[in-house]
Amino acid sequence: IIIDEEHETSYKQGSSPRYHVREVAAEMARRYRCPLVLGSATPSAESLDRCRRGTYNGVTWTRVEMPERPGHAVLPTVRIADLRREFSHGSRSMFSKPLTEGLERVVERREKAVLLHNRRGFAPFLMCRECGCVPTCNHCSTALTYHERTHTLQCHTCGSSWRVQPYPAATSRCPKCGSRYLAKMGLGTQQIEDALHQMLPDDVAIIRMDADSTRGKDAHKKLLEQFDAADCAVLLGTQMIAKGLDFPEVTLVGVVNADFALKLPDFRAGERAYDLLEQVAGRAGRGDRPGEVIIQTYLPEDPVIRAVAEHDRSIFTDYDLDQRRDALYPPFVRLVNILVWSANRDDAQNYIGRIAKLLKRRWHAAAPDFLRAGSTVPQVLGPASCVIERAKDRYRFHLLVKSPVGYHVSDDIDACLKEVGSVRGVSVSVDVDAYDLM
Ligand SMILES: [Zn+2]
Ligand SMILES: [Zn+2]
């Protein structure tokens, strides 16, 4: 069995049955005693961990590294534009000096540029524009989501909530450096397109590719053809441009703000951000001309950014693994997401509350640190409202279970759900080894 791009999250089935192709393949390989080959330039934390352990579920896992790039491809130069510095020097533009100059060079030489503006699963957050601090939940180590209506910062993992006011409120203060500029982060692709039109000469084609501009039939293909045909052009797009683009004239790749990807409220945010940045960086310099990548960020010291800049994945993976070990996330535990949704908010909330209570009773949740203490029972986090609190007029709540690897958590949850019984109009799903936590 061969699985290419094994890190791809699309291998996880989002609807029932919620299996992961990698796990099914591993089980088949084990049963039928056939080899399983997983290929990836950016392997998943789960696979790397199994290789480090050597054996997993009675099967040998081996890592084979291929350090040389195919052909004679040269790695593009990666430059980091520190937005904190730009801010403190008085710049209020969305384009840093390095990115502006990079775009000017592209125009001068009549080449092409790709600009990434990632907003996948976008959840608004607050960030200090002077030090780059993003308020994070001290129980869950994930970024807090900002809720404008209630002026709160909320953790959608454990349900904790704090009142806060962003800049320009008089009381807004960065928790780390005390700066007033604790600002809400969020720019639309449209706004960036407008700014590009203002900055670049009229004979430069600016092509925007996002969910809105690719709605029509063949729209996606037509936009790419337009980009291909132009003599000098900038392609601005969401994560949909990261993969598969192969235009040798592209000499500059810019990332408008890497922090959206870094600060998703998900423990896999770093892993996904790294994959995305690596992929998009790979769009630069595919021809004979050398490529340049410019990443704009308020977090230049983040291990993901450093790893991409130095072309050394281990800077990120070592750090990420330590983080996950400390905060108890996969591959050190198995993560189960129990999701409840209903048109009636109270019904959904009551129902998940009952599930949580039963599970906690079962696993003696009174001792918060029992997993760290080496105990062998799972831990319940939440319930909390989901990052996507409402979808298709359904109110969504979830709770997370961190289960020791090897513990048969499904049986317990199953028994618990039977005990709770079903409620009309309330749906529940149980996702073992969950990837989508939003
Ligand atoms: Zn939390
Ligand atoms: Zn600060």
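Residues numbered from 1 in each chain as written. Chains lettered and ligands numbered in written order. Predicted model: local features only at pLDDT ≥ 70, side-chain atom pairs only at ≥ 80, totals over all residues. Heavy atoms only, no water.

Chemist: Teacher, can you tell me more about the overall build of the protein chain here?
Modeler: Looking only at helices and strands, the protein chain features 12 helices and 19 strands. Relative to its length of 438 residues, the protein chain is compact, with a C-alpha radius of gyration of 23 Å against a globular reference of 22 Å. Viewed in the frame of its principal axes, the protein chain has a C-alpha envelope of about 70 × 60 × 45 Å. The 438 residues of the protein chain split such that 50% are buried. Taking the contacts inside the protein chain whose residues are at least 6 apart along the sequence as the reference set, 70% of them involve residues at least 24 apart. Carbon and sulfur atoms provide 48% of the accessible area of the protein chain, an area that totals close to 21900 Å². Counting 60 positive and 57 negative side-chain charges, the protein chain places the averaged centre of each group 6 Å from the other. (Helix = DSSP H or I, 4+ residues; strand = E, 2+ residues; numbered from the N terminus. Rg over C-alpha atoms; globule rule 2.2 N^0.38 Å. Buried < 20%, exposed > 50% of the residue type's maximum accessible area, 1.4 Å probe, protein only. Contact = heavy atoms within 4.5 Å. Areas by Shrake-Rupley, 256 points an atom, 1.4 Å probe, with all protein chains shown as cover. Lys, Arg positive; Asp, Glu negative; His and termini not counted. Charge placed at Lys NZ, Arg CZ, Asp CG, Glu CD.)

Chemist: Just to check I follow, could you spell out the nonpolar core for this structure?
Modeler: Generally speaking, soluble globular proteins have nonpolar side chains that are buried together. Of all hydrophobic cores here, the largest spans 44 residues; its most connected members are Val114, Phe227, Leu235 and Ile295. Per-element accounting of this core gives the leading share, six residues, to helix α8 (residues 269–281). Those residues within four positions of Leu235 in sequence are excluded, and the remaining contacts are Ala113, Val114, Leu115, Ile207, Met209, Leu224, Phe227, Ile241 and Leu245. Core analysis: the second largest hydrophobic core is formed by 23 residues, Ala356, Leu358, Val380 and Val409 among them. (Core = buried A, V, L, I, M, F, W, Y, C linked by side-chain atoms within 4.5 Å.)

Chemist: For this particular structure, what's the right way to read the environment of Val78?
Modeler: Assignment of secondary structure puts Val78 in strand β5 (residues 77–82). Judged by relative accessible area, Val78 falls into the buried class, the value being 13%. For the pair Val78 and Gly254, spaced 176 residues apart in sequence, the C-alpha to C-alpha distance is 9.8 Å. Those residues in contact with Val78 that lie beyond four places of it in its chain are Val293, Ile295, Val308, Ala309 and His311.

Chemist: I would appreciate a short explanation of the pattern of salt bridges in the present structure.
Modeler: Side chains that differ in sign of charge can pair as their charged atoms come close. Summed over the entire model, instances satisfying the criterion amount to 33 salt bridges. Between Lys221 and Glu225 there is a salt bridge, and its shortest N-O distance comes to 3.9 Å. Residue Lys221 and its partner Glu225 are located together in helix α6 (residues 219–229), separated by four residues, close to a single helical turn. By relative accessible area, Lys221 is classed as exposed at 51%. Assessed through its relative accessible area of 43%, Glu225 is described here as partly exposed. Because the salt bridges share partners, they merge into one network encompassing Glu6, Arg22, Glu23 and Arg50. (Salt bridge = Lys/Arg side-chain N within 4 Å of Asp/Glu carboxyl O.)

Chemist: Mind showing me how you'd approach the pairing of strand β17 (residues 379–391) here?
Modeler: The side chains of a regular strand alternate, residue by residue, between the two faces of the sheet. Where β17 and strand β18 (residues 394–404) come together, seven bridges link them in antiparallel fashion. Paired with Leu381 across the bridge in β18 is Leu400. In this structure, the hairpin formed by β17 and β18 is closed by a connection of two residues, where Lys392 is found at a positive phi of approximately 50°. (Pairing = 2+ DSSP bridges.)

Chemist: Quick question: what am I supposed to make of a nonpolar patch on the surface here?
Modeler: Among the surface-exposed residues, Ile1, Tyr19, Val24, Met28 and Tyr32 lie close enough to one another that they form a single nonpolar patch of about 480 Å² accessible area. Mapped onto the fold, Ile1 is located in the segment before β1 (2–3). (Patch = residues over 30% accessible without salt bridge, like charges linked within 9 Å, V, L, I, M, F, W, Y side chains within 5 Å.)

Chemist: Help me understand the coordination of the zinc ion (ligand 2), please; the structure alone is not making it clear to me.
Modeler: For a metal bound by four donors in a tetrahedral arrangement, the ideal donor-metal-donor angle is 109.5 degrees, while six donors in an octahedral arrangement ideally sit at 90 or 180 degrees. Listed as protein donors to the zinc ion (ligand 2) are Cys128 (SG), Cys131 (SG), Cys174 (SG) and Cys177 (SG); their distances from the metal cover 2.3 Å. Bound by four donor atoms, the zinc ion (ligand 2) shows angles of 107 to 113° at the metal and therefore tetrahedral coordination geometry. Between consecutive donor residues of the zinc ion (ligand 2), the sequence gaps follow C-x2-C-x42-C-x2-C. Just as Cys128 is buried, Cys131 falls in that class too. (Donors = N, O, S within 2.8 Å, 3.2 Å for Na, K, Ca; no water. Tetrahedral: all angles 85-135°; square planar, octahedral: opposite > 155°, others 65-115°.)

Chemist: I would appreciate a short explanation of the domain arrangement of the protein chain in the present structure.
Modeler: Reports often express the size of an interface as the amount of accessible area lost when the parts come together. Here the protein chain is described as being made up of domain 1 (2–67), domain 2 (77–122 + 186–323) and domain 3 (333–432). The distance between the C-alpha centroids of domain 1 and domain 2 comes to 30 Å. A buried area of about 750 Å², summed over both sides, lies between domain 1 and domain 2, and 45% of it is on carbon and sulfur atoms. Connecting domain 1 to domain 2 are one salt bridge. Arg268 serves as the salt-bridge partner of Glu46, at 2.9 Å between the closest nitrogen and oxygen. Here domain 1 and domain 2 share four residue pairs in polar contact (both at pLDDT 80 or more) between them. Grouping the amino acids of the side of domain 1 that touches domain 2 by side-chain chemistry returns four nonpolar, four polar and three charged. (Domains from an automatic or database assignment. Buried area = accessible area lost by both parts, 1.4 Å probe. Polar contact = N/O pair within 3.5 Å; in protein donor to acceptor, adjacent residues only side chain to side chain. Nonpolar A, V, L, I, M, F, W, Y, C, P; charged D, E, K, R; others polar.)

Chemist: So what exactly am I meant to see when it comes to α8 here?
Modeler: Each full turn of the α-helix corresponds to 3.6 residues, which orients residues three or four apart in the same direction. Here α8 contains 13 residues, and its C-alpha end-to-end distance of 18 Å stays within 8% of the 18 Å for a straight helix at 1.5 Å per residue. Taken together, the buried positions of α8 are occupied by Ala269, Gly270, Glu271, Ala273, Tyr274, Asp275, Leu276, Leu277, Gln279, Val280 and Ala281. (Expected span 1.5 Å × (residues − 1).)

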